[in-house]
Amino acid sequence: MAGYLVSDTRKVTTHRFIEMKQKSEKISMLTSYDYTTASIVDRAGVDGILIGDSASNVMVGNSTTLPMTVDQMIYHARSVVNGVKRALVVCDMPFGSYQTGVHDGVTNAIRIMKESGCDALKMEGGVEILDTVKAILDAGIPVMGHLGLTPQSINKFGTYAVRAKEEREAEKLLSDAKALAEVGCFAVTLEKVPAKLAAQVTAEIAIPTIGIGAGGQCDGQILVIADMLGMTQGFSPRFLRRYANLNAIMTDAIGSYVTDVKSGDFPNEEESY
């Protein structure tokens, strides 16, 4: 079955991502954390699905992404993979799974790939983790970089504000992006950075940039599914466009169900055996 806006049902690969950049075809990505949601997202035609460690916030209710474990990421990633036929499936490597060194990074990367069945991994950081990124790539595992606002480093930054507004940090981000591209990453996420800087990065590296709060000149865009569908409340950054208000729809539907149960209307005779 073709996607909502997609007639090409071939499996999306990391190579296709790079081809899309070369053809100036925008890349659409969303997060998913479970089978049912992922199957809907995939059928709707997105090019890539990220099992983000944002599951820590969206699925568990934690205030940061830091508590997510490798086991938890594998559980969510396996659930998503089971629901996807077309999209490229990328899984975040959680905090602590690669920051301790090359050996741990490669070991955890191989385990996530083997046990989840996902297509690629995403890692936060630049030259500081380049040796580990290279080792994971050498093991045959595709890697997407992540620069700008890196939530796993929230305790270092102390804020979720826009990153790389100052020249020194902007220069480092550009240098990091080039290093990730040169070592062999297939794409890089740019989160909450000035649009002008994101456009410069996009123009100067050969791999796709996937933006979230990084302006419209990136090669692709990603949003958290619960945010763009309006399931979450009280989170309204400038970059977020809500495409539905599922919070209100679900609340109304559940309220109607409660009313029908209380009144004895559900189940009725036709809904009984």
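Read on for a plain summary of the structure. (Residues numbered from 1 in each chain as written. Predicted model: local features only at pLDDT ≥ 70, side-chain atom pairs only at ≥ 80, totals over all residues. Heavy atoms only, no water.)

Re the nonpolar core
Among the nonpolar cores identified, the biggest contains 58 residues, and Leu121 and Leu190 are the most heavily contacted of them. With 6 residues, the top contributor of residues to this core is helix H4 (residues 70-81). With near-sequence residues (within four places) excluded, leucine 190 lies in contact with Leu147, Leu173, Ala198, Val201, Thr209, Ile210, Gly211, Ile212, Ala214 and Cys218. Residues Met144, Ala187, Ile212 and Ile222 belong to the second largest nonpolar core, which totals 15 residues. (Core = buried A, V, L, I, M, F, W, Y, C linked by side-chain atoms within 4.5 Å. Buried < 20%, exposed > 50% of the residue type's maximum accessible area, 1.4 Å probe, protein only. Helix = DSSP H or I, 4+ residues; strand = E, 2+ residues; numbered from the N terminus. Contact = heavy atoms within 4.5 Å.)

Some details on the environment of isoleucine 136
Inspection of the secondary structure assignment puts isoleucine 136 in helix H6 (residues 130-138). Look at isoleucine 136 and you get buried, because its relative accessible area is 0%. Sequence separation between isoleucine 136 and valine 102 is 34 residues, and the spatial gap between their C-alpha atoms is 8.3 Å. Leave out the neighbours within four places in its chain, and isoleucine 136 touches Met93, Gly105, Val106, Ala109, Met123, Ile141 and Val143.

Some thoughts on a negative patch on the surface
Side chains of Asp265, Glu269, Glu270 and Glu271 sit close together on the surface and give a patch of like negative charge. Mapped onto the elements, glutamate 269 comes out in the segment after helix H11 (246-263). (Patch = residues over 30% accessible without salt bridge, like charges linked within 9 Å, V, L, I, M, F, W, Y side chains within 5 Å. Areas by Shrake-Rupley, 256 points an atom, 1.4 Å probe, with all protein chains shown as cover. Salt bridge = Lys/Arg side-chain N within 4 Å of Asp/Glu carboxyl O. Lys, Arg positive; Asp, Glu negative; His and termini not counted. Charge placed at Lys NZ, Arg CZ, Asp CG, Glu CD.)

Digging into helix H1 (residues 14-22)
Taken as a whole, H1 has its buried residues at Arg16, Phe17, Met20 and Lys21. The buried side chains of H1 occupy one side of the element, clustering within an arc of 145° when seen end-on. Facing away from the buried side of H1, by more than 90 degrees, are the exposed residues His15 and Gln22. The positive-phi residue at the C-terminal boundary of H1 is serine 24, with phi of around 60°. (Arc of directions from axis to C-beta.)

Quick look at helix H5 (residues 102-116)
Between the first and last C-alpha of H5 there are 21 Å, a value that for 15 residues agrees with the 21 Å anticipated at 1.5 Å per step. Those residues of H5 that sit buried are Gly105, Val106, Asn108, Ala109, Ile112, Met113 and Ser116. Packed against the buried residues of H5 are H4, strand S3 (88-92), strand S4 (120-124) and H6. In the segment just after H5, glycine 117 is the residue with positive phi, at about 80°. (Expected span 1.5 Å × (residues − 1).)

Notes on the pairing of S3
By the criterion of burial, S3 is predominantly enclosed, with 5 of the 5 residues buried. For the segment spanning S3, H5 and S4, crossover handedness is right-handed. (Right-handed = clockwise from strand over helix to strand, strands pointing away.)

What to know about unusual backbone geometry
Omega for the bond connecting phenylalanine 266 with proline 267 falls within 30 degrees of zero, at -5°, which places this linkage in the cis form. Positionally, proline 267 belongs in the segment after H11. Backbone geometry at serine 24 places phi at a positive 60°, although glycine is not the residue there. Position of serine 24 among the secondary structure elements: in the loop between H1 and strand S1 (27-31). Its identity as a non-glycine residue notwithstanding, alanine 164 has a phi of 60°, on the positive side. Structurally, the position occupied by alanine 164 is in the loop between helix H7 (154-157) and helix H8 (167-183). We classify alanine 164 as buried; its relative accessible area is 3%.

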